[in-house]
Amino acid sequence: MDIDWSHEIADQLDQHWQERLRARLEGLTAAEYVWEPVRDCWTIARRMAHITVHVLAKRAEMYFGGTPVDYDTYLYAGTAAEALDRLDRAYDSWSTGLRASTAADLARPCGPDSGSFAGRPLAAVALHVHREVFHHGAEISLLRDLYPKAGVPSLHRG
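Predicted model, so just to flag it, every value in this text is computed and none were measured. (Residues numbered from 1 in each chain as written. Predicted model: local features only at pLDDT ≥ 70, side-chain atom pairs only at ≥ 80, totals over all residues. Heavy atoms only, no water.)

Enquirer: Could you give an account of the nonpolar core, naming the residues involved and the relevant values?
Expert: Tyr33, Met48, Leu56 and Trp94 are the most contacted members of the largest nonpolar core, which has 42 residues in total. Of all elements in the fold, only helix 1 (5–24), helix 3 (44–64), helix 5 (80–100) and helix 7 (122–150) reach the threshold of two or more residues within this core. Met48 has contacts with Leu28, Tyr33, Ala83, Leu84, Leu87 and Ile140, leaving out every residue within four places of it along the chain. (Core = buried A, V, L, I, M, F, W, Y, C linked by side-chain atoms within 4.5 Å. Buried < 20%, exposed > 50% of the residue type's maximum accessible area, 1.4 Å probe, protein only. Helix = DSSP H or I, 4+ residues; strand = E, 2+ residues; numbered from the N terminus. Contact = heavy atoms within 4.5 Å.)

What follows is the structure in structure tokens.
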């Protein structure tokens, strides 16, 4: 039996994206986007920027020829709506590149610019990217769950 590994790996993230994470981001407000539950805690803005830029867009650029990422202008979006748009575009770029990959592409070793993944197959990077989206997406979901229960814009004083 032939297995379409590109499809199976891409489907892993697509299912999570469509059924869980993206739906949880609907209605994200400007206040939630920048809310800091305690001093020096990560915000939704920071988590989204990490997923968008470092996890999806940069990897799509490196491995699939996606749009080059300009960190100086791309990292933090000014609004929640802009952040969601950037996240959607980065996700689409990653997903499209992954779905276009062949089994041979997934098996090829990553180059020296791949850090700890140098010499490992592209499939290992894909699985890592997906773990990062799951992990940081869960952090965003938790912050969204906590926000309405806080009752104040920020829990820290002073």
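Enquirer: Any details on empty space enclosed by the protein? Residues and values, ideally.
Expert: Evaluated as defined, the whole model comprises 1 cavity of 30 Å³ or more. Of the voids in this model, the largest cavity is the one considered here, and its volume is about 50 Å³. Lining of the largest cavity is provided by 12 residues; of these, Ala49, Thr52, Leu75, Ala77 and Ala83 occupy positions nearest its centre. When contributions to the lining of the largest cavity are tallied by element, the ones reaching two or more residues are helix 3 and helix 5. No other element matches the 5 residues that helix 3 contributes to the lining of the largest cavity. Among the residues making up the lining of the largest cavity, the classes are represented as 10 nonpolar, 1 polar and 1 charged. (1 Å grid on protein atoms, 1.4 Å probe; cavity = no way out; pocket = protein on both sides within 12 Å on 5 of 7 lines; lining within 4 Å. Points joined across faces, edges and corners; volume = space filled by probe spheres on them. Nonpolar A, V, L, I, M, F, W, Y, C, P; charged D, E, K, R; others polar.)

Enquirer: Before we move on, could you go through a nonpolar patch on the surface and cite the residues and values that matter?
Expert: A cluster of nonpolar residues, Met1, Ile3 and Trp5, forms a patch on the protein surface that exposes about 430 Å² of accessible area. Judged by its relative accessible area of 95%, Met1 is exposed. (Patch = residues over 30% accessible without salt bridge, like charges linked within 9 Å, V, L, I, M, F, W, Y side chains within 5 Å. Areas by Shrake-Rupley, 256 points an atom, 1.4 Å probe, with all protein chains shown as cover. Salt bridge = Lys/Arg side-chain N within 4 Å of Asp/Glu carboxyl O.)

Enquirer: Go over the packing of helix 3 against helix 7 with me, naming the residues and quoting the values.
Expert: Two elements in contact, helix 3 and helix 7, have axes whose closest approach is 9 Å; the angle formed by their N-to-C orientations is 165 degrees. What the angle tells us is that helix 3 and helix 7 run roughly antiparallel. Seen along the crossing, helix 3 lies across helix 7 with a hand that is left-handed. Contacts from Ile44, Arg47, Met48, His50, Ile51, Val55, Leu56, Arg59, Tyr63 and Phe64 of helix 3 reach helix 7 at Leu122, Val125, His128, Val129, Glu132, Val133, His136, Gly137, Glu139, Ile140, Leu143 and Arg144. Looking at the contact of helix 3 with helix 7 residue by residue, the class counts come to 13 nonpolar, 4 polar and 5 charged. (Axes fitted to C-alpha atoms, helices over the stretch in contact; angles between N-to-C directions. Parallel < 35°, antiparallel > 145°, perpendicular 65-115°, else oblique. Left-handed = near helix turned anticlockwise from the far one by under 90°.)

Enquirer: So what's going on with the packing of aromatic side chains? Residues and values would help.
Expert: Two descriptors summarise a pair of aromatic rings, namely the distance from one centre to the other and the angle between the planes of the rings. Going through the model one piece at a time under the given rule, you end up with 3 aromatic pairs. Relative to Tyr91, the ring of Trp17 has its centre 4.0 Å away and its plane inclined at 5 degrees; by these criteria the two rings are stacked. Within this pair, whereas Trp17 is found in helix 1, its partner Tyr91 is found in helix 5, the two being separated by 74 residues in sequence. According to the relative accessible area criterion, Trp17 is buried, its value standing at 5%. Over the ring of Trp42 we find Arg47, and its NZ or CZ is 3.7 Å from the ring centre. (Phe/Tyr/Trp six-rings, centres within 6.5 Å; stacked < 30°, edge-to-face > 60°. Lys NZ or Arg CZ within 6 Å of the ring centre and 35° of its normal.)

Interpretation note: all reported values are geometric properties and have no functional meaning in isolation.
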